Amino acid sequence: MRFRSAHASHTDWSTATEECLLLLSRFAGDERYGRQPNLGFVYLTEPLAPHTEQILTLLKSRTGIPNWVGTTGVGIAAAATEYTDEPALAVMLGQFAAGSFNVFSGTQRPPTRGMRTDSGAEAAFAALVHADPQTPDLSELIVDMADKVTSGYLFGGLSSGRGTTHQVADRVLTGGLSGVVFASDVPLVSRVTQGVHPLVHATRHTITRSTANFILELDGRPAFDVLLEDTGIRPRVPAGPPANEDFVKVREQLRSLGLRGLFVGLEPAAAGAYHERRRADRLRPDYMVRPVVAIDPGKGVVAVGAPVEDGQGVSFCTRDESAARKDLIRICAEIRDHLHEAQESSGAPVEAKGAVYVSCVGRGSHLFGEQHEELRIIQQQLGDVPLVGFYASGEIGAQNLYGFTGVLTVFY
């Protein structure tokens, strides 16, 4: 059964909510949609954030659903529509087997790893997570949360906004982590799109000397020398300070590249349960994209926007609309393939019931050129799947905290 979904925009919170409720009621007689939804997803733009409590109360009373998850953001996603800088909300009603999900927060503990549902499924298998970006030690908390689910897989993101952000986990919250844990009998598939491509001459390198967020050597050579080779600017910087005219030329070429975006793809330094599983399954390794924030040609040092460690794998890359579009299409194709394989293995029809998409506040129209284009691509690739989500201050995939990415999760 497909999930019901609706979205609306209005300066008055009650009018916007009533519009969503009216749209949701129109699915009641359609047998393609779940008739007894029991989990609500709600995402609100920043102008409606002060009214989160009233909106949640109205949604609960009118739908009869006690369990809700969601958050506020500077923008939200709803089907093929992107709302930013206007009051709007998106609502989706999912129908799951009894006992197959548990809403959690700082006051509601998730099921203990290893627990079983009445049907025999693993009660804590994967989780949708929303988090306050101001929470201390957030990366560590995300890793800790990933260790609490059997698959090691989380999907979600950090609330975004200029002021106080709110989360919804059966009630309205601020701070920390919240969301919903799904049992192993809830079929879902999730993919991360980073929208980057390697520099023209880039290859994978290994950090051989580093400190904090400074890469001193790659493959035993000065990191700056390797960067110039990967960009194709010059084969190698001569020993010692470059001649003035050479330095000016190199600086201008690097500046031009930096305007498009100069990044490094960092492979995970430590392997958790999820990364071990991906290696066992021979899937592509995960990596985190972080910006190059400074370079020192004299010392041969490259500084990046994250701590690094010796032995870590890295690749220099850049991000643009073309790469973002291709990579988004790629993950949609992987999701379609997954659904097709699930259908073949089960021998029964398999369809996408609903989706949650968490994208970076720096993507959307900023990266794809036009408002709604990012979501239109998803719709073109997956069809008219009910979809809600938000634009985040950081995206969560597996046990990683990403930036400038999109995390697409489909229930089927």
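Per chain, residues are indexed from 1 in the order of the written sequence. It should be noted that, the model being predicted, local features are given only for residues of pLDDT at least 70 and side-chain atom pairs only at 80 or more, the latter also being counted only at that level, while totals for whole chains, interfaces and linings use all residues. Working from all heavy atoms in the structure, the side-chain values ignore hydrogens and water.

## Comments concerning the sheet that holds strand E13 (residues 188–193)
At least two DSSP bridges between two strands are required for those strands to pair. Starting at the N terminus, helices and strands are each numbered in turn, a helix being any DSSP run of H or I of at least four residues and a strand any DSSP run of E of at least two. The 6 strands lie next to each other as E5-E4-E23-E22-E26-E13, forming an open sheet whose pairing is mixed. Two strands close off the open sheet at either side, each with one partner strand: strand E5 (81–84) and E13. Strand-to-strand twist of the sheet, defined as the mean angle between neighbouring strand axes without regard to direction, takes the value 15°. Direction of pairing for strand E4 (residues 75–78) relative to E5: antiparallel, over a ladder of 4 bridges. When the sheet's bridge partners are listed, isoleucine 76 is paired in E5 with tyrosine 83. It only takes one pair of heavy atoms within 4.5 Å for two residues to be counted as in contact. Fitted lines through C-alpha atoms serve as axes, helices being fitted only where they are in contact, and the angles separating the N-to-C directions of these axes extend from 0 to 180 degrees. Where helix H7 (residues 321–346) meets the sheet, its contacts fall on E13, strand E22 (354–360) and strand E26 (406–411), and the angle it forms with E13 comes to roughly 165°.

## Let's talk about the pattern of salt bridges
Salt bridge, as used here, is a side-chain nitrogen of Lys or Arg placed within 4 Å of a carboxyl oxygen of Asp or Glu. Scanning all chains against the criterion turns up 16 salt bridges. Between glutamate 321 and arginine 325 there is a salt bridge whose closest N-O contact spans 3.2 Å. You can see glutamate 321 and its partner arginine 325 sitting in helix H7, 4 residues apart, about one turn around the helix. On the accessibility criterion, arginine 325 (27% relative accessible area) is partly exposed. For the salt bridge of glutamate 374 with arginine 363, the shortest nitrogen-to-oxygen distance reads 3.0 Å. When accessible area is computed with a 1.4 Å probe and restricted to protein chains, residues below 20% of their type maximum are described as buried, those above 50% as exposed, and intermediate ones as partly exposed.

## Description of the side chain of threonine 405
Secondary-structure assignment places threonine 405 in the loop between strand E25 (400–402) and E26. Looking at threonine 405, the relative accessible area reads 0%, which means it is buried. What threonine 405 contacts, discounting residues up to four positions off in sequence, is Val192, Thr193, Gln194, Val358, Ser359, Cys360, Arg363 and Glu395.

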